[in-house]
Amino acid sequence: MRRGTEASWRRAPTFGAKLLRIDWLMLSFAAALAVIGTATLYSVADGSFQPWAERHALRFLLGVALVIAMGLVPPAVWLRLGYPFYGIALAALALVPILGNEALGARRWITLAGLSFQPSEIMKLALIAALARYYHWLAPERVSQLRWMLPPLVMIALPVILNIRQPDLGSAVLCAVIGVATMFLAGVAWHHFALGGLALLALLPFGWHQLHDYQRRRIEVFLDPEMDPLGAGYHIAQSKIALGSGGVEGKGFMMGTQSRLDFLPEKHTDFAFTMFAEEWGFIGALVLMGLVAALIALTLLRSARAPATFTRLVTAGFGVSFATYTLVNIAMATGLVPVVGVPLPLVSYGGTAMLSLMATMGLAMSGLVHGSDIPERSEIGPFV
């Protein structure tokens, strides 16, 4: 027994070997986006690292350390923590209406020990981990059976409902998309999604009346931008003007007129893409989107090669999250969807969103570093 234990210890990868298995290419793409974000925030502040650019860069460095630290931990640990983490995130989300800080008519942030965080961002990470944990246990032949689809649907519905109550329609949509995409990647038959889409369409009239007045106004202005150009339609109108004024090559770093003259609102958060595109033009926007596409493609490639269901789904979950954030933000900036307050990953200013995405990358990295070192389905229970 002792000899076997000693042999196993010798075969265990060293700390240095684990570091070499970290996907540094994936981190390089993320770093390039973070550099773009830091430069954009430097420009937003008229050539100053305060108050956004320096914090953005430091948060990314903290995120890199988080990715490496989580990557060195065996995925079996994260699998065991999937459900407890989801429960804690759900409890925090439920406490937002009670303990949350109110801003612009919504409660989305909780402050503890002087630190503010957004539970809805943490919930997206927890949802991926919990769903991956569930489908790692579930036998493949049961994935599309209705009774086994109910638990993941409940896990998705609870944070969606709690986000809508805040109200935070953007986070509700993101949780729904990430959750449904994870179910699809787990192997749920496509016809279930088709039926779900038809049911959603049938519920749209009811959902319309449940929206807040400002949310309905945003959708109305999205459908008719000229309805209220100086009110609810101001953000989209100014974003389109700034994007168009950038042209092909852009106006140059720190030379954007719409942003410099403060016509462009929320240019450090929701409309950071617009700010960047005005300064660097269509070519710059293509480079940025190319970096995002490369990161997502690399993530999905790594996911396809993952040896276990849990590692495959958490890796794909990171790619899906990154893609969803990016698509919604750029579509919002170009007027293709209503403004819902979704940041551009690693570019827009926002601590909780960045760190939660980096933590999701850390989950993916754990699988890449440790490979198949994870319990089999028969070795774990459905909920423990």
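Throughout this document, residue positions are counted from 1 along each chain, in the order its sequence is written. Where local features are concerned, this predicted model is filtered to residues with pLDDT of at least 70; where side-chain atom pairs are given and counted, the filter is 80 or more; whole-chain, interface and lining totals use all residues. Values shown for side chains rest on all heavy atoms present in the structure; no hydrogens or waters enter the calculation.

Peer 1: Teacher, can you tell me more about the pattern of salt bridges here?
Peer 2: Oppositely charged side chains are able to pair whenever their charged atoms sit close together. Salt bridge, as applied in this entry: a Lys or Arg side-chain nitrogen positioned within 4 Å of an Asp or Glu carboxyl oxygen. Counted under the stated rule, the structure contains 3 salt bridges. In this structure, the salt-bridge partner of Asp 23 is Arg 302, at a minimum N-O distance of 2.5 Å. Pair noted here: Asp 23 is in the loop between helix 2 (15-21) and helix 3 (24-44) and Arg 302 is in helix 13 (residues 272-304), with a separation of 279 residues, a long-range link. Linking Glu 278 and Lys 251 is a salt bridge whose minimum nitrogen-to-oxygen distance equals 3.6 Å. Here a strand is any run of E in DSSP of at least two residues, a helix any run of H or I of at least four, and the numbering for each starts at the N terminus.

Peer 1: What should I look at first to understand the side chain of Glu 279 in this one?
Peer 2: With respect to the secondary-structure elements, Glu 279 resides in helix 13. Throughout this description, buried means an accessible area under 20% of the type-specific maximum (1.4 Å probe, protein chains only), exposed means over 50%, and partly exposed covers the range between. The class for Glu 279 is buried, based on a relative accessible area of 2%. Here a polar contact is recorded for every N or O atom pair within 3.5 Å, except that within protein the pair must consist of a potential hydrogen donor and a potential acceptor, and residues adjacent in sequence are included only if both atoms are side-chain atoms. Reaching out from Glu 279, the side chain makes a polar contact with the side chain of Ser 43 at a distance of 2.4 Å. Residue contacts are defined here by distance: any two heavy atoms, one from each residue, within 4.5 Å place the two residues in contact. Beyond its immediate sequence surroundings of up to four residues, Glu 279 is in contact with Ser 43, Glu 249, Gly 250, Lys 251, Gly 252, Phe 253, Met 254, Met 255, Gly 256 and Arg 260.

Peer 1: I'm lost on the packing of helix 5 (residues 75-99) against helix 7 (residues 146-165) in this one. Help?
Peer 2: For any two helices packed against each other, the geometry is given by the interaxial angle and the distance between the axes. Helix axes use the C-alpha atoms of the stretch in contact, all axes being lines fitted to C-alpha atoms, and the angles between their N-to-C directions lie in the range 0 to 180 degrees. At a closest axis distance of 9 Å, the pairing of helix 5 and helix 7 adopts a crossing angle of 20°. As the angle between them shows, helix 5 and helix 7 are arranged roughly parallel. Note that helix 5 runs across helix 7; the crossing there is left-handed. Two secondary-structure elements touch here, helix 5 through Tyr 83, Tyr 86, Leu 90, Leu 93 and Ala 94 and helix 7 through Val 154, Met 155, Leu 158, Pro 159, Leu 162 and Asn 163. Each residue belonging to the contact of helix 5 with helix 7 can be placed in one class, and the counts come to 10 nonpolar, 1 polar and no charged. Any angle that is under 35 degrees is reported as roughly parallel, and any over 145 degrees as roughly antiparallel; angles of 65 to 115 degrees are reported as roughly perpendicular and all others as oblique. Note on convention: near helix rotated counterclockwise from far helix by under a right angle means a left-handed crossing. Clockwise means right-handed. Residue polarity is assigned by list, with Asp, Glu, Lys and Arg as charged and Ala, Val, Leu, Ile, Met, Phe, Trp, Tyr, Cys and Pro as nonpolar; anything else, Gly included, falls into the polar class.

Peer 1: Would you explain helix 8 (residues 169-186) in this entry?
Peer 2: At 3.6 residues per turn, the α-helix brings residues three or four places apart onto the same side. For a helix, the expected span equals 1.5 Å multiplied by the number of residues minus one. Taking 1.5 Å per residue, 18 residues should reach 26 Å; helix 8 reaches 26 Å between its end C-alpha atoms and fits that length. Along helix 8, the residues classified as buried are Gly 170, Ser 171, Ala 172, Leu 174, Cys 175, Ile 178, Gly 179, Thr 182, Met 183 and Ala 186. Looking one or two places after helix 8, you find Gly 187, whose phi comes out positive at around 115°.

Peer 1: Would you mind going over a nonpolar patch on the surface with me for this structure?
Peer 2: Patch definition: residues with relative accessible area over 30% and no salt bridge; like charges joined within 9 Å; nonpolar side chains (Val, Leu, Ile, Met, Phe, Trp, Tyr) joined within 5 Å. Working definition of accessibility: Shrake-Rupley area with a 1.4 Å probe, residue cover restricted to the visible protein chains. On the surface, Val 248, Phe 282, Ile 283, Leu 286, Val 287 and Met 289 cluster together into a nonpolar patch covering about 540 Å² of accessible area. Structurally, the position occupied by Val 287 is in helix 13.

Peer 1: What's the story with the side chain of Glu 121 in this structure? I'm lost.
Peer 2: Structurally, Glu 121 can be placed in helix 6 (residues 119-137). Leave out the neighbours within four places in its chain, and Glu 121 touches Tyr 325, Thr 352, Ala 353 and Ser 356.

Peer 1: Help me out: how do you make sense of the nonpolar core in this one?
Peer 2: The tendency in soluble globular proteins is for nonpolar side chains to be buried side by side. Residues Leu 33, Phe 60, Phe 322, Leu 346, Met 358, Met 361 and Met 365 are the most contacted members of the largest nonpolar core, which totals 49 residues. Elements with a minimum of two residues in this core: helix 3, helix 4 (53-72), helix 13, helix 14 (309-333) and helix 15 (351-370). A total of 12 residues in this core trace back to one element, the largest contributor, which is helix 13. With 42 residues, the next largest nonpolar core counts Met 123, Leu 131, Trp 148 and Val 314 among its residues. What makes a nonpolar core is a set of buried Ala, Val, Leu, Ile, Met, Phe, Trp, Tyr and Cys residues whose side-chain atoms join them at distances within 4.5 Å.

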